[in-house]
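Coordinates in review
Given next are the chains, with one letter for each unit.
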Amino acid sequence: MKSFLRNYRFGLAGALAALATLPVTSTADARDYVLLLIDRSGSMTIPSAGTPGGTRWETAKQLAISDLGVAAADRKYAIWTFDGTTHVEHVPFSDDLSREQAQDFIRSSPGLGAPGSTTPLAGAICDAVDHMLLDLPLAADDQLFLNLYSDGLENATVMHPCEGPSSPDHLNPTDPDTWEYKVFNKLFNGDPDIPGRVAPRVVANAAVLFDHEIAIFADKQNQNPSKSPLIESLLREGAPIPPDVSAFPSRAVSQLGQFFRFIADKTGGRYRAFAPTSRLPQVGDVNGDYCVNKKDLSLVTASLGSSVDRYSPLDPNQNGVVDIYDEETVKKHMGQCKQ
Ligand SMILES: [Ca+2]
Ligand SMILES: [Ca+2]
């Protein structure tokens, strides 16, 4: 089993490495499809001190609004949430909202509604991938982005091809019963039951709203399991506590975040983790100082035309090239800072 896992990972790594050596083929008429998938489960009501509004839910919405500030040649948006046992399609691609209209929708009331209930994470990811792969009039150069905002523990996907128990460490894609295995496969090749060995079509950008307390308290679960914030968040969702969760060591809880890192890394996307006190990113900031100023513009201007990895901060629109739209993103947010 371990050798299979090793081969699986090396196979993907090899495919991605081969892709990285290819010339960038982005064309002027290529279109981006960005599906924002936001966790609306009950645990998203947990306080998040760094955010105006004060909850993970508000943080997730602010991150989505910020990510919508990225300029691109031709970009279409869909906005989904998930809770209960399925996803909710608030804005379909066919509405053809501008990025400003999409931002306004998220800010609006009732907009995305309010969080509550359980977390059908696996089914929501798989449904989103299916929608993009099967329902869109895709051209070869079109890019597909799945922007996921979640605090992330699957506990409610039922009667679904991606249904399954949690992997004990959330990182073992070789156990064909688990939801992680099925989500990996769905992202990598469109089929939840066939291990991915080809370059993924969908780029997953994963933002995880993480609570360091979970890892700290998880070590003490055997002594006082009811005090675990992770378990309390599940109880808040009205979800049963899966046996593997009640037995989580802190290492494994940390690997919950690793699941999101894994899907982002292996699909060429971005992984970001936010603790309750984390500063949120400033769109247009390419040097990591949380402000947009002439330094950012100089960095982008000096690199115009350069090929970069899609997770490079110099490439906000993630098309693998520092282009005039990246420059536009910086200019549009000039002077803005995140505290
Ligand atoms: Ca900056
Ligand atoms: Ca770019």
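That block above? That's the structure.
In space, the 6 strands of this open sheet follow the order β3-β2-β1-β4-β5-β6, with mixed pairing throughout. Pairing within the sheet leaves two strands with one partner each, and these edge strands are β3 (86–91) and β6 (271–274). On average, each strand axis in the sheet is inclined to that of its neighbour by 20°, with strand direction left out of account. Taken together, the 7 bridges between strand β4 (residues 143–150) and strand β5 (residues 202–209) define a ladder with parallel strand orientation. Residue pairing in the sheet places leucine 148 in a bridge with alanine 206 of β5. Across the face of the sheet, helix α2 (residues 56–67) comes into contact with β1 (32–39), β4, β5 and β6 while running at roughly 160° to β4.

Two elements in contact, α2 and helix α3 (residues 99–107), have axes separated by 9 Å at closest approach and are oriented at 170°. Taken together, the axes of α2 and α3 are roughly antiparallel relative to one another. Contacts between α2 and α3 pair Lys61, Ala64 and Ile65 from the former with Gln103, Ile106 and Arg107 from the latter. Each residue belonging to the contact of α2 with α3 can be placed in one class, and the counts come to 3 nonpolar, 1 polar and 2 charged.

Calculation notes
Residues numbered from 1 in each chain as written. Chains lettered and ligands numbered in written order. Predicted model: local features only at pLDDT ≥ 70, side-chain atom pairs only at ≥ 80, totals over all residues. Pairing = 2+ DSSP bridges. Helix = DSSP H or I, 4+ residues; strand = E, 2+ residues; numbered from the N terminus. Axes fitted to C-alpha atoms, helices over the stretch in contact; angles between N-to-C directions. Contact = placed C-beta atoms within 7 Å. Parallel < 35°, antiparallel > 145°, perpendicular 65-115°, else oblique. Nonpolar A, V, L, I, M, F, W, Y, C, P; charged D, E, K, R; others polar.

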